[in-house]
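Remarks on the overall topology
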Amino acid sequence: MLAPTPYRPVKPYEGRCIHGAEPAAVDGAFQFGNRRIHRTGSAHACLHCRALRGLIAFMAEGVLNMGKTRYDWFGKGSAGVLCGLGLAVAVSGLFAWLGPGGLYAPNKFQLNMWLMSPIWLGVISFCFLFRSGLRAWLWLGGANALAFVGLYACRHFLS
Amino acid sequence: MRTEVIRIYKTVHTWAGILTGLVLFIAFYAGAITVFKEPLERWIAPPNHSIRAPLTQMHELITQTLSARPDAGKEFTLHLGDEEHVPARLTWQKKTDGDVFWSTAIAQDGSLQIARIHPSGLARFVDMIHRTGGIPGNSEIGEHFMGVVAMLYGVALISGLIVLLPSLARNFLALRLGTKLKRIWLDAHNLIGVASFPFHLVMALSAVVFAFHDHLYDIQDAVVYAGKLKPIMKADSPFSAVKQDPQPAAMLPPDMLLARVKSLSPAFEPVMMQYRDAGTRGASVRVSGNDPRYMLRGKGFLVMSPVSGEILNTDYFPGRQDLWNAPVSAIFALHFASFGGDTVRWCYFFLGLAGAFLFYSGNRLWIETRSRDGRDKSAVQRRSTRFMAALTVGVCFGCISGISLTIVAGKWLHGHVADVDAWHKGIYYAVFLGSIAWAFLRDSQKAAVELLFLAAATTAAIPLTTLLAWVLPSLGMWVNDSPAAIGVDVVALAGALALLRMMRYRARNNVGNRYPLPVGEGWGEGI
């Protein structure tokens, strides 16, 4: 069994940061070739280093939280309301074009509209099952993209 | 994963529920009454001495009316029923003069009587409360508001089911009375919620469409139909076969037209005939009526030409709705209870009241979960708990009292004030807002008992008014003695007794003051 490695302060690195602007007073966490990233909170950290650090932290959090469901009310809720409406329009539209009788079947337009309500409400209700707002947006956005491609193909080829 | 999902959906359910519960209570209570809109109209209808011409005389009535008042020919209605709330055989409405209704009848000496009539707006007002949650002003604003509420309501329904699913088998039929107060409310809430889930799902889905259908059509027109929806709608209109033609033409008598409808479907009971462009070659008549064997949008109807007698459209006629119309009509019927006759209407009445109770119990549950221990009399409740406790009591019981009193006032004020409809509104809002104010000014525990008494008293006033009108005719009030009108009194009496029982239950269970105001702190401060 490995004993936990004690924290060893790394000798300040006198080279340049990945941006190449300032000498990087780094703690040795990330190194790309002979360049390093500014330490968090370093007074003269450049924007590039800060952004890169933020991204790495975000990804690390994502990896650590993998498998956990987050609340993320705004992300999931907005995906449910907006992507839900989009999906309702697109799927009801696909039904209108491809369903029995096609677009001009007598009296079909009302049912086409009524279909939107269960789809929209269903997506809003179930969008909180996604693990995060980002995933909700990606999945529902992807479904929207597919459905709208299909719908515009119908409009293009069938009309 | 599983417990996390349930935790998330519990929060969703709580928020969606607490934001919409009280509005939904109003909508469901008023909706349950609206199921019996016609009996309410019959109860309130003042005595009507206009002569109801027999069917065979109606043709003459139309001819005389059209020659005396050509402006009525644009659109008028023949009422075929003889119930109290039917104002006259023939009526028309002028929207340009601000919703003025006119009626005609043939007097005994054969002359035509033309009169302005004032049908009671009571049942329409209760329906308006149902559709808008009682938001005053432009009903479109209220309906859009209700649409948003309905969406949250749908989310609350699904999330509630998700939360309950893992323990459904254990908790569904468990009603653990006598244990903790919170447990009782939770069990009752779960039982009613699960048992009437399909009913509520239909209500949520249809209410969203009723609120937003114009916008949904606009979106679909742009995205799906590429701007071609208007001509499609026009072609599918039940009046699409009617071509305008101003040339004068003689019309067939109504009884002959009704005979043709009867030959199409003997079980169809026609209720009214709405004429358009009467006396011209392009005239049309829409014959509406009931057939409890089919699911209809309120009433079923067909369109025919009164000139040729030809039936032009049966898309909305019971038993003749096509593949696409029938399912849409079914959703309407599942919302309006317009199928299966009185049996279904009674079911919907009780489902509606149970729905109102569902939302009330949800709020009580929210309050009980957050209230601090009742045994410690000095325990001070959180501001949010006290606020919701007072609001729940004020809104729910204020709505019941307001509707009951406005019904009663319809008879007491008739003939004493110029505009009874305005009084209906004023009385409802005065009682409703007054009850809320009362619940906030007083301790909500005490206010609950007092407001329940007010609700019971105002509801009992409905049959008492009828009794008084019967015993003392000098009061100038009237009694409609049809079973439907008396039924309103019987239901109101039963409702009053139920409210009285609830009041006694509440009074008995108010152990200690569980939502006390801290000394020196009123509601006006710091909210």
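In what follows, the structure referred to is the one given above.
The shown structure was predicted, so the numbers you read here are calculated from the model rather than taken from an experiment. (Residues numbered from 1 in each chain as written. Chains lettered and ligands numbered in written order. Predicted model: local features only at pLDDT ≥ 70, side-chain atom pairs only at ≥ 80, totals over all residues. Heavy atoms only, no water.)

Thoughts on the pairing of strand 6 (residues 284-290) of chain B
Residue and element names in this part refer to chain B. Of all 7 residues making up strand 6, 5 are buried, and the element is well covered by its neighbours. In the sheet, strand 5 (residues 269-276) pairs with strand 6 via 7 bridges, with the strands oriented antiparallel. What sits directly across from Arg-276, in strand 6, is Ser-284. Where strand 6 lies against strand 7 (residues 300-304), 5 bridges are found, and the strand directions are antiparallel. Paired with Val-285 across the bridge in strand 7 is Met-304. (Buried < 20%, exposed > 50% of the residue type's maximum accessible area, 1.4 Å probe, protein only. Helix = DSSP H or I, 4+ residues; strand = E, 2+ residues; numbered from the N terminus. Pairing = 2+ DSSP bridges.)

Here we look at the interface of chain B and chain A
Counting residues at the interface gives 44 residues for chain B, matched by 43 residues for chain A. Across the interface of chain B and chain A, roughly 4,000 Å² is buried in total on both sides, 71% from carbon and sulfur atoms. Per-residue buried area on chain B facing chain A is highest for Ile8(B), Val224(B) and Trp324(B); these three make up 18% of the total on that side. Taken together, the links from chain B to chain A amount to 0 salt bridges. Put simply, chain B and chain A have 14 residue pairs in polar contact (both at pLDDT 80 or more) between them. Across the side of chain B that touches chain A, the residue classes break down as 31 nonpolar, 6 polar and 7 charged. (Contact = heavy atoms within 4.5 Å. Buried area = accessible area lost by both parts, 1.4 Å probe. Salt bridge = Lys/Arg side-chain N within 4 Å of Asp/Glu carboxyl O. Polar contact = N/O pair within 3.5 Å; in protein donor to acceptor, adjacent residues only side chain to side chain. Nonpolar A, V, L, I, M, F, W, Y, C, P; charged D, E, K, R; others polar.)

Topic: the environment of Val431(B)
Along the chain, the position of Val431(B) falls in helix 14 (residues 420-441). Residue Val431(B) is classed as buried on the basis of its relative accessible area of 16%.

A word on the nonpolar core
Counting residues in each nonpolar core, the largest one holds 78 residues, and the members touching the most others are Phe397(B), Ile403(B) and Tyr428(B). Residue contributions to this core peak at 13 residues, all from helix 1 (residues 2-35) of chain B. The contact partners of Tyr428(B), leaving out residues within four places of it in the chain, are Ile26(B), Phe125(B), Ile129(B), Cys399(B), Gly402(B), Ile403(B) and Thr406(B). Cys83(A), Ala96(A), Leu103(A) and Cys127(A) belong to the second-largest nonpolar core, a separate cluster that totals 51 residues. (Core = buried A, V, L, I, M, F, W, Y, C linked by side-chain atoms within 4.5 Å.)

Details of the environment of Trp423(B)
Residues and elements named next belong to chain B. You can see Trp-423 is positioned in helix 14. Look at Trp-423 and you get partly exposed, because its relative accessible area is 43%. Residues Trp-423 and Leu-413 lie 10 residues apart in sequence; the distance between their C-alpha atoms is 8.4 Å. Among residues more than four places away in sequence, those in contact with Trp-423 are Thr-406, Leu-413 and Val-417.

A look at the packing of helix 2 (residues 73-98) of chain A against helix 4 (residues 116-126) of chain A
Residue and element names in this part refer to chain A. Two numbers describe how helix 2 lies on helix 4: the axes approach to 8 Å, and their chain directions differ by 150°. On the basis of the axis angle, helix 2 is roughly antiparallel to helix 4. In this structure, helix 2 meets helix 4 at a crossing whose hand is right-handed. On the side of helix 2, the interface is formed by Gly-80, Val-81, Gly-84, Leu-85, Leu-87, Ala-88, Val-89, Val-91 and Ser-92, while helix 4 contributes Met-116, Ile-119, Trp-120, Val-123 and Ile-124. In terms of residue class, the contact of helix 2 with helix 4 is built from 11 nonpolar, 3 polar and no charged. (Axes fitted to C-alpha atoms, helices over the stretch in contact; angles between N-to-C directions. Parallel < 35°, antiparallel > 145°, perpendicular 65-115°, else oblique. Left-handed = near helix turned anticlockwise from the far one by under 90°.)

Some points on helix 16 (residues 483-509) of chain B
All names here are of chain B. For helix 16, which comprises 27 residues, the first-to-last C-alpha distance of 38 Å matches the rise-based estimate of 39 Å (1.5 Å per residue) to within 8%. Listing the buried residues of helix 16 in full gives Ala-485, Val-488, Asp-489, Ala-492, Ala-496, Leu-499, Met-503 and Arg-506. Of the surrounding elements, those touching the buried residues of helix 16 are helix 2 (37-44), helix 12 (341-370), helix 13 (383-413) and helix 15 (444-471). (Expected span 1.5 Å × (residues − 1).)

Here's the deal with the layout of surface pockets
Residues and elements named next belong to chain B. Of the volumes computed, that of the second largest pocket is approximately 890 Å³. In terms of lining, the second largest pocket is formed by 33 residues, of which the most central are His-13, Leu-186, His-189, Asn-190 and Leu-365. Those elements that provide at least two residues to the lining of the second largest pocket are helix 1, helix 5 (139-164), helix 7 (181-195) and helix 12. A total of 9 residues in the lining of the second largest pocket trace back to one element, the largest contributor, which is helix 1. Along the lines of polarity and charge, the residues of the lining of the second largest pocket split into 16 nonpolar, 14 polar and 3 charged. (1 Å grid on protein atoms, 1.4 Å probe; cavity = no way out; pocket = protein on both sides within 12 Å on 5 of 7 lines; lining within 4 Å. Points joined across faces, edges and corners; volume = space filled by probe spheres on them.)

Overview of the pairing of strand 4 (residues 112-117) of chain B
Successive residues of a regular strand alternate their side chains across the two faces of the sheet. All names here are of chain B. Here strand 3 (residues 100-106) pairs with strand 4 via 6 bridges, running antiparallel. The partner of Thr-104 across the bridge, within strand 4, is Ile-114. In sequence, strand 3 turns back onto strand 4 through a hairpin of 5 residues, with Gly-110 there showing a positive phi of about 90°.

Observations regarding unusual backbone geometry
Non-glycine residue Asn107(A) carries a positive phi angle of around 65°. With respect to the helices, strands and loops of the structure, Asn107(A) is situated in the loop between helix 2 and helix 3 (108-114). Residues other than glycine seldom take positive phi values, yet Ala226(B) does so here, at roughly 55°. A residue is classified by how much of its surface remains accessible, and Ala226(B), at 37% relative accessible area, is partly exposed.

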